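# Structural description and commentary
This is what each chain is made of:
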Amino acid sequence: MEIKKIHVGSLLLQSNVLMAPLAGYTCLPFRMLAHQLGAGLCFTEMASVNALKYKDRATRQLLYRPELPNYINAAQLLGGSPYIMEYIAKSEFLKDYDIIDINMGCPVPNVFKSGEGCALMLDMPRAASIIRACKKSGKVVTVKCRTGIKEDAMFAAEFARMCEDAGADLITIHGRSRSMMYDGIPYYEEIRLAKAAVSIPVIANGGIHSIASANQVMEETGADGIMFGRYALENPFIISKLTGTRYEKSFFETLLDQFELALKFYTETYAINYVRKLAANGMKKRKGTKKYKEQLYQVGSQEELIEVLSLIFAEKEQN
Ligand SMILES: Cc1cc2nc3c(=O)[nH]c(=O)nc-3n(C[C@H](O)[C@H](O)[C@H](O)COP(=O)(O)O)c2cc1C
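Description of the structure in this document.

Definitions and limits used
- Residues numbered from 1 in each chain as written.
- Predicted model: local features only at pLDDT ≥ 70, side-chain atom pairs only at ≥ 80, totals over all residues.
- Heavy atoms only, no water.
- Helix = DSSP H or I, 4+ residues; strand = E, 2+ residues; numbered from the N terminus.
- Buried < 20%, exposed > 50% of the residue type's maximum accessible area, 1.4 Å probe, protein only.
- Pairing = 2+ DSSP bridges.
- Lys, Arg positive; Asp, Glu negative; His and termini not counted.
- Salt bridge = Lys/Arg side-chain N within 4 Å of Asp/Glu carboxyl O.
- Polar contact = N/O pair within 3.5 Å; in protein donor to acceptor, adjacent residues only side chain to side chain.
- Contact = heavy atoms within 4.5 Å.

## Observations concerning unusual backbone geometry
- Despite not being glycine, N70 has its phi angle at roughly 60°, a positive value.
- If you trace the backbone, N70 turns up in the loop between α3 (57-61) and β5 (74-78).
- The backbone of M181 sits at a positive phi, close to 50°, despite the residue not being glycine.
- Within the element layout of this structure, M181 appears in the loop between β10 (170-174) and α8 (188-197).

Structure follows, in structure tokens:
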């Protein structure tokens, strides 16, 4: 695919390769890494506006942000009320954020039942009000959605048109319907139809697991860029490889950096848990590492974690 900078509202992204918001993963250290690897954007994990309204500590932590030159801060908000979305978008919590991404794709039953996430795809007037309400903050506003609710009745193009009319500056489409959750081959054709229907940038997401599949998705959809999701947890270097960004650290060194950063901003328990999850993802395709999985999940201290990580990754990387 052609790697290029893209304009989103008043902003210019360093590349058209984006990193998805992933709850439990895209905390501050991971977003810094994605940026270093050449990602044009990396979103925070979804932050509930209702929880922010009550100043919930854990939710505020989701909005910790890197202070790097040329780093564009993008927060993803989850909510169903235009008033609360506007209130939070204009609030101190988002003061240093450049982009507000609205979650219109979360399929989880509790979220759906509360009229948030993917449920907004069923209520286009309310989804439009939310976009307009967030725009009142003066920030760039983007939307992340799916292809629809059910596999046999998808409507990504119609939804994309609504987003553009309401003022969205970019739309990311996960090529699966809500009913598919996270499995099955994405409907890239739906993304192609959406791209053809609007003039704002459209980013294709879902099931991209190699350079070849990124190229294929770009070709099939005509999208302006792609967004990596789960695969970038297994192999974050796919981002630097695709964008042609120089990054010379090994997976082991990267994990140690991530650990150090996580310890700086969060509690020790959080940092151990986070790096453990990253390591578990990184082990998926590394032969002979399965035997360490139990050990990895039993570590209780920083020293033990580093010891297990070196057993799993360091030796292999030196060979
Ligand atoms: C563990 C996990 C957490 C996720 N968290 C979010 C989230 O906070 N916000 C969001 O819009 N999508 C979230 N998603 C969806 C991803 O951003 C992405 O759309 C989806 O995984 C499809 O891309 P993939 O097939 O490349 O993984 C999450 C997915 C997973 C697996």
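## Considering the pairing of β5
- Within β5, five of the five residues are buried, which leaves it mostly tucked inside the rest of the structure.
- Covered by surrounding structure in β5 are A74, Q76 and L78 together with A75 and L77, the residues of both alternating faces.
- Bridge count for strand β4 (residues 41-48) against β5 is four bridges, and the pairing is parallel. Bridge assignment links F43 to a residue of β5, and that residue is A74.
- Pairing of β5 with strand β6 (residues 99-104), which is carried by four bridges, proceeds in the parallel orientation. Across the sheet, residue A74 finds its bridge partner in β6, namely I99.

## Here's the deal with the side chain of R31
- Looking at the element boundaries, R31 is found in helix α1 (residues 28-36).
- We note that R31 is buried and unpaired, the nearest opposite charge coming from E45 at a distance of 5.9 Å.
- Looking at R31, its side chain comes within polar contact range of the main-chain oxygen of L62, at 3.4 Å.
- Apart from residues no more than four positions distant in its own chain, R31 is found in contact with T26, C42, F43, T44, L62, Y64, R65, P66, Y71 and Y97.

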